[in-house]
Amino acid sequence: MKAHVADWQTRVYCVRIEPANDAPVVRLAGYPTDLPMSNGQVYLTESGYEFSGLDSTTTFASASIDLSGILQMGAVSRTDLASGVYDNARVYLFATSWANPVEDEEPLALMFWGKVEMVDDRYTAQLMGAIDALSQSAGRSYAPTCPWTLFDETLDGRVLDWAHSKCTGPRAAQDGPLLADHKVTGTLTSVTDQYMFADSARTEDNDWFAYGTIRFTTGPNAGLKPIQIKAFTAGGVILLHEAMFYLPEVGDEYEMIPGCRKTADACKNKWSNKINFGGQDHVPAPSVYSQVGRK
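Overview of the structure.

Parameters at a glance
Residues numbered from 1 in each chain as written. Predicted model: local features only at pLDDT ≥ 70, side-chain atom pairs only at ≥ 80, totals over all residues. Heavy atoms only, no water. 1 Å grid on protein atoms, 1.4 Å probe; cavity = no way out; pocket = protein on both sides within 12 Å on 5 of 7 lines; lining within 4 Å. Points joined across faces, edges and corners; volume = space filled by probe spheres on them. Nonpolar A, V, L, I, M, F, W, Y, C, P; charged D, E, K, R; others polar. Helix = DSSP H or I, 4+ residues; strand = E, 2+ residues; numbered from the N terminus. Buried < 20%, exposed > 50% of the residue type's maximum accessible area, 1.4 Å probe, protein only. Pairing = 2+ DSSP bridges. Salt bridge = Lys/Arg side-chain N within 4 Å of Asp/Glu carboxyl O. Core = buried A, V, L, I, M, F, W, Y, C linked by side-chain atoms within 4.5 Å. Polar contact = N/O pair within 3.5 Å; in protein donor to acceptor, adjacent residues only side chain to side chain.

**Some remarks on empty space enclosed by the protein**
Taken as a whole and assessed by the stated rule, the structure comprises one cavity of 30 Å³ or more. Volume-wise, the largest cavity comes out at about 60 Å³. Every residue along the wall of the largest cavity is listed here: Cys146, Trp148, Thr149, Leu150, Cys167, Cys260, Lys262, Cys267 and Trp271. The residue inventory of the lining of the largest cavity, partitioned by class, reads seven nonpolar, one polar and one charged.

Below, the structure is given as structure tokens:
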């Protein structure tokens, strides 16, 4: 049973979108005018936005809704959608009374921002229920490559959960590499395109930053999500797996961390961290253990 239910006679639905990064929170209300809450937060009128229905069941089946919007309205912009600002954002849906609006008065759903489709000046975002996490596979699989993520945090400061961050190991004799010891900063000296650019001041070995990540702290891409590095070559040339949203410019400042190819050799020779290697590099492949025995 719910602890509290909003007044059915003056019921109104509201949604709050909280990005995973430092982007501003978006607040929308299904009401003809902006709706100020008792805590001072103002929920903008949903003019230009439309929610599909929300289904509630007694099972553990995940709920999903669609949020359709018009990009010109301003609360959610085309640039933010395309650059991944709202990727994995938390979306809180609740009901309240327009006569006495209270934020999160009757919580209805916690959802995560999913796939976005943009057509002309409209977009549709799929919002998946938090309970959907229960339908994901759990446990480890045998594989020759290491399942852990290098370091215990990402370049943008997000601390990884236990299932991904065991590469560093316990803080004792099994210490692994720390992000703070390997993060570098620099300035671009040349730009080829949105995939490739260079910092001629870099003196690290060939391939050192491959599979690492980079993000910009100044310039048009400042504040956007880190992008994985595909290759790093002598002379400071950086090639990305996916394009930066904006074309970088000479003089843009960045921060970058190295990566790991997740092989036993890389763990041992590059990071001296074989004790925390999570792969099973000696397990035979299916083509070997499925062979029929013969004389």
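Moving on, there is more to tell.
**Thoughts on the layout of surface pockets**
Volume-wise, the largest pocket comes out at about 1,400 Å³. No other element matches strand 8 (residues 106-119), which puts three residues into the lining of the largest pocket. Classifying every residue of the lining of the largest pocket gives 22 nonpolar, 15 polar and 12 charged.

**Overview of the pairing of strand 13 (residues 213-216)**
Of the two faces of strand 13, the one holding Ile214 and Phe216 is buried and the one holding Thr213 and Arg215 is not buried anywhere. Pairing of strand 13 with strand 14 (residues 227-233), which is carried by two bridges, proceeds in the antiparallel orientation. Within strand 14, the residue paired with Thr213 across the bridge is Gln228. With four bridges connecting them, strand 13 and strand 16 (residues 253-257) associate as antiparallel partners. Its bridge partner lying in strand 16, Phe216 is registered against Tyr254.

**A closer look at the pattern of salt bridges**
If you walk through the whole model with that rule in mind, you get 11 salt bridges. Linking Glu18 and Arg16 is a salt bridge whose minimum nitrogen-to-oxygen distance equals 2.8 Å. With a relative accessible area of 27%, Glu18 lands in the partly exposed category. Arg16 sits in the buried class, given a relative accessible area of 6%. Arg215 is the partner of Glu255 in a salt bridge, and the nearest nitrogen-oxygen pair spans 2.6 Å. With Glu255 in strand 16 and Arg215 in strand 13, this pair connects stretches of sequence that are 40 residues apart. You can call Glu255 buried: its relative accessible area is 9%.

**Comments concerning the nonpolar core**
Counting 19 residues, the largest nonpolar core has Ile17, Tyr86, Val91, Trp113 and Tyr123 as the members making the most contacts within it. Residue assignment for this core shows that the elements contributing at least two residues are strand 1 (11-18), strand 2 (26-29), strand 7 (90-97), strand 8 and strand 9 (122-129).

**Remarks on the environment of Asn276**
Mapping Asn276 onto the fold places it in the loop between helix 3 (264-270) and helix 4 (286-289). The class of Asn276 is buried, set by a relative accessible area of 8%. For the pair formed by Asn276 and Ala264, sequence separation is 12 residues and the distance between their alpha carbons is 10.0 Å. Side chain to side chain, Asn276 and Asn273 meet in a polar contact 2.9 Å long.

**Quick look at the pairing of strand 7**
Consecutive side chains along a regular strand alternate between the two faces of the sheet. Within strand 7, six of the eight residues are buried, leaving the element largely enclosed by the surrounding structure. Sheet topology places strand 7 next to strand 8; six bridges connect them, and they run antiparallel. Residue pairing for strand 8: Tyr92 is matched across the bridge by Leu110.

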